[in-house]
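What follows is the residue order along each chain.
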Amino acid sequence: MRADPKTVAALEAELGADRLERDAPLAPLTTFRVGGPADLLYRARTEDELVRAVQLVRELDAPHFLLGRGANILVGDRGFRGLVIRSEVGGVEIDDGTLVRAGSGVETFPDLIDRTVAGGLGGLHHFVGIPSTVGGALWQNLHFLSPAPDRDRTIFIEDILESADILTEEGERRTVSPDYFEFGYDESVLHDRADVVLSASFRLEPTPLEELRRVMRENLEWRDERHPDLWLYPCAGSIFKKIEGIGAGRLIDECGLKGQVHGGAGIFHKHANIIVNLGGATARDVMWLIDLARETVESRTGHELVPEISFVGEF
Ligand SMILES: Cc1cc2nc3c(=O)[nH]c(=O)nc-3n(C[C@H](O)[C@H](O)[C@H](O)COP(=O)(O)OP(=O)(O)OC[C@H]3O[C@@H](n4cnc5c(N)ncnc54)[C@H](O)[C@@H]3O)c2cc1C
């Protein structure tokens, strides 16, 4: 885009020059806190703004990336050449007592969970402590392995999804049912199609407040023991996809890589499938550890580690 002032001018004319941030740092917009700037950043505050921005970059054939909470991505040190569209589409409406509609940029935690729990509604509370927007949650089929006494029961966002309003890859605005998303573990049709989630509706259940609080407390305690505190250890959660019955983290641990440090990044000492920013990490540092884990695990165990996070921009 730097090379194409005409595209920049067209974006400014349509979206408003005052709404486009130039050389916008992306690191603070990610939970890893790593990576360079975007040539341009646009914060879409309404569904119509999100639709307009996406339609425009499609018309202009301009490189773009759709950003949510930035909790499942690694941005390259040289940043992103093009327009990053951040969904800040807000709004939470509780319709008929149990149907909750939320904009794609609403953060499931804390905003949506706080709101629904305060209304005595259960379903989303399982995802307490996980950073995500509504859009990102559908992209990845947000999930949580429930701790005792329900251990081994993975709860997915698809379980409570009623419908979603999307802008399709073909440019049509549609309301779709959960089937449309072809959800799997860490999977949805959004990985293969450039559809954009505008908002989603969730069917929740009236639940006593003590029960909601108990589950949230247990889940947070479970997470505290295993997961990094984002304030101390910025990260993007699990780096590699689950390996059924074995565990990517366990393989990395068995290869003796837990606690391995490179530059400002390290393999988390409590959970080997998580790489953390120990302070001043670069994307290059993180990539070095990703490569180390992949090569070591493959050569010692024969298992292939496949990254779960998305790599954005130039490295
Ligand atoms: C500490 C920590 C713990 C975590 N624990 C868990 C966990 O227990 N379970 C779990 O499932 N995940 C976990 N994660 C991963 C992360 O929270 C989820 O993947 C989350 O859903 C990402 O949402 P996001 O809004 O940050 O998406 P982003 O990281 O911003 O984007 C991810 C992808 O979603 C796409 N996307 C974003 N918004 C939209 C939209 N409106 N329409 C279409 N596509 C969109 C983006 O283009 C991108 O491809 C964890 C992450 C961290 C940092």
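Our structure's up above, just so we're on the same page.
Residues numbered from 1 in each chain as written. Predicted model: local features only at pLDDT ≥ 70, side-chain atom pairs only at ≥ 80, totals over all residues. Heavy atoms only, no water.

(A) How the structure looks around the pattern of salt bridges. This model, assessed by the stated rule, comprises 25 salt bridges. A salt bridge links Arg22 to Glu12; the nearest nitrogen and oxygen atoms lie 2.6 Å apart. Placement of the pair is Arg22 in strand E1 (residues 20-25) and Glu12 in helix H1 (residues 5-15), with a sequence separation of ten residues. Residue class for Arg22 comes out exposed when judged on its relative accessible area of 52%. Here Glu225 and Arg226 are joined by a salt bridge, their closest N and O atoms 3.4 Å apart. Of the residues examined, Arg226 reaches a relative accessible area of 27% and is grouped as partly exposed. A cluster of three or more residues bridged by salt bridges with shared partners is formed by Glu47, Asp48, Arg101, Asp165 and Arg173. (Salt bridge = Lys/Arg side-chain N within 4 Å of Asp/Glu carboxyl O. Helix = DSSP H or I, 4+ residues; strand = E, 2+ residues; numbered from the N terminus. Buried < 20%, exposed > 50% of the residue type's maximum accessible area, 1.4 Å probe, protein only.)

(B) Representation of the sheet that holds strand E7 (residues 99-103) within the structure. The five strands lie next to each other as E6-E7-E13-E11-E12, forming an open sheet whose pairing is antiparallel. Strands with a single pairing partner mark the edges of an open sheet, and in this sheet they are strand E6 (92-94) and strand E12 (173-176). Strand-to-strand, the axes of this sheet are offset by a mean angle of 15 degrees, without reference to chain direction. Here strand E11 (residues 161-167) pairs with strand E13 (residues 196-203) via six bridges, running antiparallel. Residue Leu167 lies in a different strand from E13, and its bridge partner there is Val196. Relative to E13, helix H2 (residues 47-60) is tilted by about 145 degrees, and along the sheet it contacts E7, E11, E12 and E13. In the packing of helix H3 (residues 108-118) onto the sheet, the strands contacted are E6, E7 and E13, and the crossing angle to E7 comes to about 160 degrees. (Pairing = 2+ DSSP bridges. Axes fitted to C-alpha atoms, helices over the stretch in contact; angles between N-to-C directions. Contact = heavy atoms within 4.5 Å.)

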